Amino acid sequence: MSVLLYAPMVNVNEEQMNLVEWHKQPKEFVNKGELLATFETTKSTYDFHATDSGFFVPLVEAGSQVTVGEVIAALTDQPDEDIQTLLPSETEKLEAKPHSLQQTAGNRWTRKAEILAKRHNVPPQEMESLTSADVRITEEVVQAYLQQKSTTTGKQANQGFSNATELILILGGGNVACLVLDILARIPQQTAVAILDDNPALQNTTVMGVPVLGNLDRAKSLFDQNFFDKAALAVGILPARRELFEKLSNLGIPFANIIDPSAIIGVNASMGIGNMIMAFCRLGPESQIGDNNFLSAYANIEHHNRMGSHCTFGPGVAMSGGVTIGNSVRFGTGIFIEPRLTIGNNAVIASGVTLTADVPENTVVRAKANFHW
Amino acid sequence: MTTYLGSLQLHLQQLLSVDSTVLVMGEDILDPYGGAFKVTKGLSTKFPDRVITTPISEAGFIGVANGMALRGLKPIVEIMFGDFITLGADQIINYAAKFAAMYQSALDYHLVIRMPVGGGRGYGPTHSQCLEKLFLGIPHITILAPSIYHDPGLLLASAIQQPGPALFLEHKLLYSQELITPANSAFAVDLSDESFPLVRLTNNTEKTADLTLITYGGALWLPALLQKMAEEEIWLDVLIPSSLNQKAHPSISASASHTGRVVIVEEGAGPFGWGAQIAYDLQHAMLNRLTAPIAVIHAENTIIPATQALEQLHLPNLQRIEQKIYEVLS
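Residues numbered from 1 in each chain as written. Chains lettered and ligands numbered in written order. Predicted model: local features only at pLDDT ≥ 70, side-chain atom pairs only at ≥ 80, totals over all residues. Heavy atoms only, no water.

Let's talk about the overall build of chain A
Within chain A, the regular secondary structure consists of 7 helices and 30 strands. When burial is assessed residue by residue, chain A has 42% of its 373 residues classed as buried. Taking as baseline every contact in chain A between residues at least 6 positions apart, the subset at least 24 positions apart corresponds to 36%. When the accessible surface of chain A is summed, it comes to about 19200 Å², and 53% of that surface belongs to carbon and sulfur atoms. (Helix = DSSP H or I, 4+ residues; strand = E, 2+ residues; numbered from the N terminus. Buried < 20%, exposed > 50% of the residue type's maximum accessible area, 1.4 Å probe, protein only. Contact = heavy atoms within 4.5 Å. Areas by Shrake-Rupley, 256 points an atom, 1.4 Å probe, with all protein chains shown as cover.)

Structure (structure tokens):
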């Protein structure tokens, strides 16, 4: 039987080598095992022996470079045989390429559509019967189906495929950071990506598993690199809290509201940005608060209260309805406030006070019991 | 068009031209042979005094390079196959990595050890390995593994100019490949602004990524994988660091936080590898907020077969990666 001869792999590091010499003349009969050619690689020369017997048909010239696996000659049964039928056709060459991936075109569904449908327990037969046979079932088709289902049942399903969350940069790595991280650990919609703090001792450490990546002034460049979506101030004291908020806001950095899942936000209650609302707090219905307020646990902002920005609270501050609070007001721990009072800007209300009258701006209200007479 | 090999050849020439303290040494690197993978081809003709062929003794010539580096030269050493680095491990771990910290001096010490690594060519168990995990975790060694998306020559130049020893891993399948840049890539490519950049690659710039894929080095399966995933509407955020002996790059954590689903692919064998460390870092950085367990794909935990068909099955391959992606998304 007529056969083709291929350039052998002589040196595993080389795809190409020199065919130095043919040892037979064209059309000469060659016996199996006879010396036929000499190759030269960068490391050695190599004698190539005929793998079959037949009439010799050289297909490359002596002295040329050949590639490993290339057809170099044929050995034919007849002296003048046409070897064209032996040579691989172009289509065969194409088919020889390995199919490295699973077939896509024949699949009725995209993988994403399939996974999405499974996640939402959509029966595949139903999807397929609703979609015409020539349309590929894509994410969009499944989403539309889910949308329709959710309006008919009145249920609000989480239809998103991606797990995108808001990436939060924490400013400040002290104890307050632990409060914030503790909340974020329970909210899937927000993820802490890193902490910035000016304290050199905190650099290259982690706080509750979140790395401290440098000083506060790195916030701007990290934001420009899309490293995070919003910032959260883990600073509990004024005036630092206000200064940082204003400085970074001016640089264009947005702030996130961080709200513990146990907090209750009433109907029509509203808030600005950058507020920290710890466990068991409540914003009553129709209440409004501004930006950057820090509400420790058990703060009750009653219905129809109005509060400005940058106020800080110790735990357990309870207000009655209709109270108005200015900006940068500091509340201690365990305070009760009667209805419809007004507290001016920069006031300080000490721990344990029960407020029964308005407080003018810049006033410090002390609890009598705290004084040593 | 620049190939991976071409970039290395070009920058080696430039380094030798501009810096007379740079020299190149290794086995069989002189012309006309020019090294087993031809990276040093032409160098010994141009710079006969500074291209040194060595006996077959890795411990010996890495030791010589250590001495040269201590006296202010900048040797670039070639190990013919990365597998042979085991013979030089003592010189690297107990000497090169220790000088600066042990003697508490600001040594001007420069050493790069280049080596071809990885399988895919049927070279068998002792010429195909990725042994970098033997050195990962050793302090004060830089371990670099430029991919086809990095410019390996530029990284080599940065490596020899920075103080301290660097291992420089060149995946042998890459040599003949054309470098992929933002200009010629079918998919969006972005490089971080660092001397040893992180590459970011995605098959959809408009949609939110569904999954974070982290890999390094060879990874020639990437374009086909991105193409196939695009057909299946699965959007990948692929991150390819060039520097390995460090914690997960912040951009990796950020991406993982976004997607909540992570697949790590490395070519080295079995467990206890780079992927395991990255998975650990991510688990920490994300406060356990992962939607699915992090998957790490690596070579089978046994020797690499010489038969190419078996080798394909042994190494991380497209089918395995594709299947794992579906698993992690489901």
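From this point, the narrative continues.
Section: the overall build of chain B
Within chain B, the secondary structure is distributed over 11 helices and 12 strands. Relative to a compact globule of 330 residues, whose C-alpha radius of gyration would be 20 Å, chain B shows 20 Å and is just as compact. Projected onto its principal axes, the C-alpha positions of chain B cover 60 × 45 × 40 Å. Every one of the 330 residues in chain B was classed for burial, and the buried ones make up 61%. Taking the intrachain contacts of chain B between residues at least 6 apart in sequence as the baseline, contacts between residues at least 24 apart amount to 78%. (Rg over C-alpha atoms; globule rule 2.2 N^0.38 Å.)

So, the confidence of the model for chain A
Mean pLDDT over chain A: 86, with 90% of residues reaching 70 or higher. A low-confidence stretch, residues 152-159 of chain A (pLDDT under 50), is modelled with 9 contacts involving residues beyond four sequence positions or located in other chains. (pLDDT = per-residue confidence, 0-100.)

Regarding the interface of chain A and chain B
Often, the extent of an interface is quoted as the loss of accessible area on bringing the components together. Each partner contributes to the interface: chain A provides 45 residues, whereas chain B provides 37 residues. Across the interface of chain A and chain B, roughly 3400 Å² is buried in total on both sides, 50% from carbon and sulfur atoms. Across the chain A-chain B interface, the total number found is 3 salt bridges. A salt bridge links Arg136(A) to Glu232(B); the shortest N-O distance between them is 3.6 Å. At the junction of chain A and chain B, the tally comes to 9 residue pairs in polar contact (both at pLDDT 80 or more). (Buried area = accessible area lost by both parts, 1.4 Å probe. Salt bridge = Lys/Arg side-chain N within 4 Å of Asp/Glu carboxyl O. Polar contact = N/O pair within 3.5 Å; in protein donor to acceptor, adjacent residues only side chain to side chain.)

Examining the packing of helix H3 (residues 58-70) of chain B against helix H4 (residues 89-96) of chain B
Residue and element names in this part refer to chain B. The contact between H3 and H4 brings their axes to 8 Å, and the two run at 30 degrees. Of the possible angle classes, the one that applies to H3 and H4 is roughly parallel. Contacts from Ala 59, Ile 62, Gly 63 and Asn 66 of H3 reach H4 at Gln 91, Ile 92, Tyr 95 and Ala 96. Per-class residue counts for the contact of H3 with H4 are 5 nonpolar, 3 polar and no charged. (Axes fitted to C-alpha atoms, helices over the stretch in contact; angles between N-to-C directions. Parallel < 35°, antiparallel > 145°, perpendicular 65-115°, else oblique. Nonpolar A, V, L, I, M, F, W, Y, C, P; charged D, E, K, R; others polar.)

Remarks on the domain arrangement of chain B
Residues and elements named next belong to chain B. When the domains of chain B are assigned, the result is domain 1 (4-174) and domain 2 (188-329). Taken residue by residue, the interface counts 35 residues in domain 1 and 34 residues in domain 2. Looking only at domain 1, the three residues that lose the most surface to domain 2 are Lys 133, Tyr 149 and His 150, adding up to 26% of its buried area. Put simply, domain 1 and domain 2 have 0 salt bridges between them. The tally of links from domain 1 across to domain 2 stands at 15 residue pairs in polar contact (both at pLDDT 80 or more). Every element with two or more residues in the side of domain 1 that touches domain 2 is listed here: strand E5 (142-144), helix H6 (152-161) and strand E6 (164-171). (Domains from an automatic or database assignment.)

Observations concerning the side chain of Arg261(B)
Here Arg261(B) shows up in the loop between helix H8 (250-259) and strand E11 (262-269). In this structure the side chain of Arg261(B) is engaged in a polar contact, spanning 2.8 Å, whose partner is the backbone oxygen of Val328(B).

Thoughts on the nonpolar core
Ranked by size, the top nonpolar core spans 109 residues in total, and within it Ile113(B), Leu213(B) and Ile325(B) carry the most contacts. Apart from the residues lying within four places of it in its own chain, the contact partners of Leu213(B) are Trp221(B), Leu222(B), Leu225(B), Asp237(B), Val238(B), Leu239(B), Val263(B), Val265(B), Ile321(B) and Ile325(B). Cys281(A), Ala347(A), Val365(A) and Ala367(A) belong to the second largest nonpolar core, which has 30 residues in total. (Core = buried A, V, L, I, M, F, W, Y, C linked by side-chain atoms within 4.5 Å.)

Describing unusual backbone geometry
Leu238(A) connects to Pro239(A) through a cis peptide bond whose omega is 5 degrees. With an omega dihedral of 5 degrees, the bond running from Asp31(B) to Pro32(B) counts as a cis peptide bond. Tracing the backbone through its elements, the reader meets Pro32(B) in the loop between strand E1 (22-26) and helix H2 (43-46). Non-glycine residue Asn268(A) carries a positive phi angle of around 65 degrees.

A word on H4(B)
Turning to H4(B), its buried residues are Ala89(B), Gln91(B), Ile92(B) and Ala96(B). Close packing links the buried residues of H4(B) with H3, helix H5 (99-103), strand E4 (110-117) and E6 of chain B.

Some thoughts on the environment of Val265(B)
Residue and element names in this part refer to chain B. With respect to the helices, strands and loops of the structure, Val 265 is situated in strand E11. Residues Val 265 and Ile 214, spaced 51 residues apart in sequence, show a C-alpha to C-alpha distance of 6.3 Å. When neighbours within four sequence positions are excluded, Val 265 is seen to be in contact with Leu 213, Ile 214, Thr 215, Tyr 216, Trp 221, Ile 297, Pro 316 and Ile 321.

With respect to the domain arrangement of chain A
With domains assigned, chain A is organised as domain 1 (3-96), domain 2 (111-149), domain 3 (166-250) and domain 4 (257-373). The centre of domain 1 of chain A, based on its C-alpha atoms, is set 69 Å off from the matching centre of domain 3 of chain A.

What about the sheet that holds strand E8 (residues 71-76) of chain A?
Residues and elements named next belong to chain A. Spatially, the 4 strands line up as an open sheet ordered E1-E8-E6-E3, and their pairing is antiparallel. Edge positions in the sheet fall to strand E1 (3-6) and strand E3 (29-30), since each of these pairs with one other strand and no more. Bridging between E1 and E8 involves 4 bridges; their strand directions are antiparallel. Looking at the pairing, Val 3 lines up with Leu 75 of E8. (Pairing = 2+ DSSP bridges.)

Focus on helix H2 (residues 111-119) of chain A
Burial in H2(A) covers these residues: Arg111(A), Lys112(A), Ala113(A), Ile115(A), Leu116(A) and Ala117(A). Within two residues after H2(A), Asn121(A) carries a phi angle of roughly 55 degrees, on the positive side.

Considerations on the sheet that holds strand E28 (residues 348-349) of chain A
Across a sheet, strands are paired by hydrogen bonds formed along the backbone, either parallel or antiparallel in direction. Residues and elements named next belong to chain A. The strand order across the open sheet built from 3 strands is E25-E28-E30, with neighbouring strands paired in parallel fashion. The outermost strands of the open sheet, each flanked by one partner alone, are strand E25 (330-331) and strand E30 (364-365). Of the strand pairs in this sheet, E28 and E30 are connected by 2 bridges, and their pairing is parallel. Its bridge partner being in E30, Ile 349 is matched across the sheet by Val 365.

Considering the packing of aromatic side chains
Enumeration according to the criterion identifies 15 aromatic pairs over all chains in this entry. For the pair Phe29(A) and Phe55(A), a centre-to-centre distance of 5.1 Å together with 75 degrees between the ring planes defines the contact as edge-to-face. Of this pair, Phe29(A) sits in strand E3 while Phe55(A) sits in strand E6 (residues 54-58), and the two are 26 residues apart along the sequence. Taking relative accessible area as the criterion, Phe29(A) reaches 40% and is therefore assigned partly exposed. A centroid spacing of 4.7 Å and a plane angle of 40 degrees characterise the contact between Phe245(A) and Phe255(A), whose relative ring orientation is tilted. Of this pair, Phe245(A) sits in helix H7 (residues 240-250) while Phe255(A) sits in the loop between H7 and strand E14 (258-259), placing them 10 residues apart in sequence. The rings of Tyr4(B), Phe37(B), Phe81(B), Phe84(B), Tyr123(B) and Tyr175(B) are connected pair by pair, giving a single aromatic cluster. (Phe/Tyr/Trp six-rings, centres within 6.5 Å; stacked < 30°, edge-to-face > 60°.)

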